[in-house]
Amino acid sequence: MLLTSAIVAAGAMLGACSPQAGASTEQAAFKINGEPVSEHQLELVLPRGAIGDSDAQSQAAGRQAVAGLVQESLAAQAARKAGLDRDPRTVQMIEAAQREVLARVYGERLAGTAVEPSSDEIDQFYEAHPAWFAQRRLMWLQEAVLPLPAARIDALKARLQAATTPDKTMEALRVEGVPLNARQFALQPEETPQALLDGLVPLRVGQSLVLPQDGGVRVLTVLQTQPAAVSRSAAVKQIAALIRGERRRKAVERGLAALQQQAKVEYIGRSMQWSAAASAPLLR
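Residues numbered from 1 in each chain as written. Predicted model: local features only at pLDDT ≥ 70, side-chain atom pairs only at ≥ 80, totals over all residues. Heavy atoms only, no water.

(A) Fine view of the nonpolar core. In terms of nonpolar packing, the biggest core is built from 22 residues, with F133, L141, L187, L200 and I239 touching the most fellow members. Counting residues per element, this core draws most heavily on helix α9 (residues 232-262), which supplies 4 residues. Those residues in contact with I239, other than ones at most four positions away along the chain, are I122, F125, Y126 and F133. Ranked by size, the runner-up nonpolar core spans 12 residues in total, among them A144, L148, L160 and A172. (Core = buried A, V, L, I, M, F, W, Y, C linked by side-chain atoms within 4.5 Å. Buried < 20%, exposed > 50% of the residue type's maximum accessible area, 1.4 Å probe, protein only. Helix = DSSP H or I, 4+ residues; strand = E, 2+ residues; numbered from the N terminus. Contact = heavy atoms within 4.5 Å.)

(B) Geometry of the sheet that holds strand β3 (residues 137-146). Pairing in this open sheet of 4 strands is antiparallel, and the strands run β4-β3-β6-β5 from one edge to the other. The open sheet has two edge strands, β4 (181-187) and β5 (208-213), and neither has a second partner. Sheet twist, expressed as the mean angle between neighbouring strand axes with direction ignored, is 20°. (Pairing = 2+ DSSP bridges. Axes fitted to C-alpha atoms, helices over the stretch in contact; angles between N-to-C directions.)

(C) Quick peek at α9. For α9, which comprises 31 residues, the first-to-last C-alpha distance of 43 Å matches the rise-based estimate of 45 Å (1.5 Å per residue) to within 8%. Helix geometry: α9 is bent most strongly at Q238, by close to 30°. For α9, the complete set of buried residues consists of A235, I239, A240, I243, R248, A251, V252, G255 and L256. Taken together, the buried residues of α9 touch α4 (88-111) and α5 (119-128). (Expected span 1.5 Å × (residues − 1). Bend = angle between axes of the 7 residues up to and from the residue.)

(D) Examining the packing of aromatic side chains more closely. A full pass over the atoms with the stated rule returns 4 aromatic pairs. Aromatic rings pair up to connect F125, Y126, W132 and F133 into one cluster. The aromatic ring of F185 is capped on one face by R183, whose charged end is 4.4 Å from the ring centroid. (Phe/Tyr/Trp six-rings, centres within 6.5 Å; stacked < 30°, edge-to-face > 60°. Lys NZ or Arg CZ within 6 Å of the ring centre and 35° of its normal.)

(E) Highlighting the confidence of the model for the protein. Averaged over every residue, the pLDDT of the protein is 85; residues scoring 70 or more account for 85%. Looking across the protein, the model is least confident in helix α1 (residues 5-16), with a mean pLDDT of 44, and most confident in α5, with 97. (pLDDT = per-residue confidence, 0-100.)

(F) Structural context of the pairing of strand β1 (residues 28-32). Here β1 runs beside strand β2 (residues 35-38); their pairing, made up of 4 bridges, is antiparallel. Bridge pairing in β2 places I32 opposite E35. Adjacent in sequence and paired antiparallel, β1 and β2 are bridged by 2 residues, among which N33 carries a positive phi angle near 55°.

(G) Seen up close, the pattern of salt bridges. Using the criterion set out here, one finds 15 salt bridges in the structure. Taking the shortest distance from any N to any O, the salt bridge between R86 and D85 comes out at 3.7 Å. Across the pair R218 and E143 runs a salt bridge whose closest N-O atoms are separated by 2.6 Å. Placement of R218 in strand β6 (residues 216-227) and of E143 in strand β3 is noted, with a sequence separation of 75 residues between them. Put simply, E246, R249, K250 and E253 are held in one network by salt bridges that share partners. (Salt bridge = Lys/Arg side-chain N within 4 Å of Asp/Glu carboxyl O.)

This is the structure we're talking about:
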């Protein structure tokens with residue numbers, strides 16, 4: 001879990017209805033009607049590339065971010081002057097934004113406890129996913145989706161097994177006499193669900209994979225393949241990122257589950273109808 005723009009937006013909401021706390025003259029990036037806006041607040045809205053970068057595009061993005069912060073600060077000042085910071089709904093929104101920011105920051109702390117993958121673990125991951133790396137193939141597929149009763153799927157599979165080319169596959173599909181939608185697309189192994197990839201990897205050009213789905217069937221036919229192996233050395237950063245991401249996710253999940261197990265939660269009023277869902281393990 002990374003601190004995203006949602007945190008910045010929520011933090012801006014917090015600042016929008018309260019004085020710019022902690023923005024002393026020494027820390028101020030600029031002042032609006034005498035009210036300082038701190039360097040830290042400015043850094044939150046600046047694009048990463050705009051910080052210390054002389055690139056014209058980054059500079060333009062930085063100017064846009066600063067202009068937005070100025071407008072936001074002016075609107076916040078006007079809101080306070082109008083007493084909107086004391087409006088009950090505004091107070092509730094501020095509390096909700098604060099809760100979200102704190103939860104995300106705590107999730108980031110939990111994620112930070114994840115252990116970095118070792119070289120051996122990277123090797124094991126590489127060997128366990130040959131379709132992503134050592135035996136990686138780019139595949140071009142034809143997808144056909146047609147409405148078909150479940151009772152007719154076995155017969156369709158038999159005809160498709162006899163079809164050795166994409167054209168014969170389409171002929172076998174048209175025999176069903178139902179409308180079908182077809183398209184062609186390229187498939188990246190590492191972006192494909194493992195269960196689907198396992199079904200596609202053994203196929204040769206012209207062969208098809210039949211996937212029953214609600215209301216019909218989805219047929220994927222291999223049009224072309226191209227070897228695109230990735231060496232272990234070239235895959236190290238990618239594998240480390242994948243393992244790290246999964247460990248961070250699990251660290252957050254475990255931490256939140258532990259909090260929930262230790263907590264005493266009392267559901268009152270209409271919240272009781274959702275208590276079962278709220279009591280389920282928190283997943284991110």
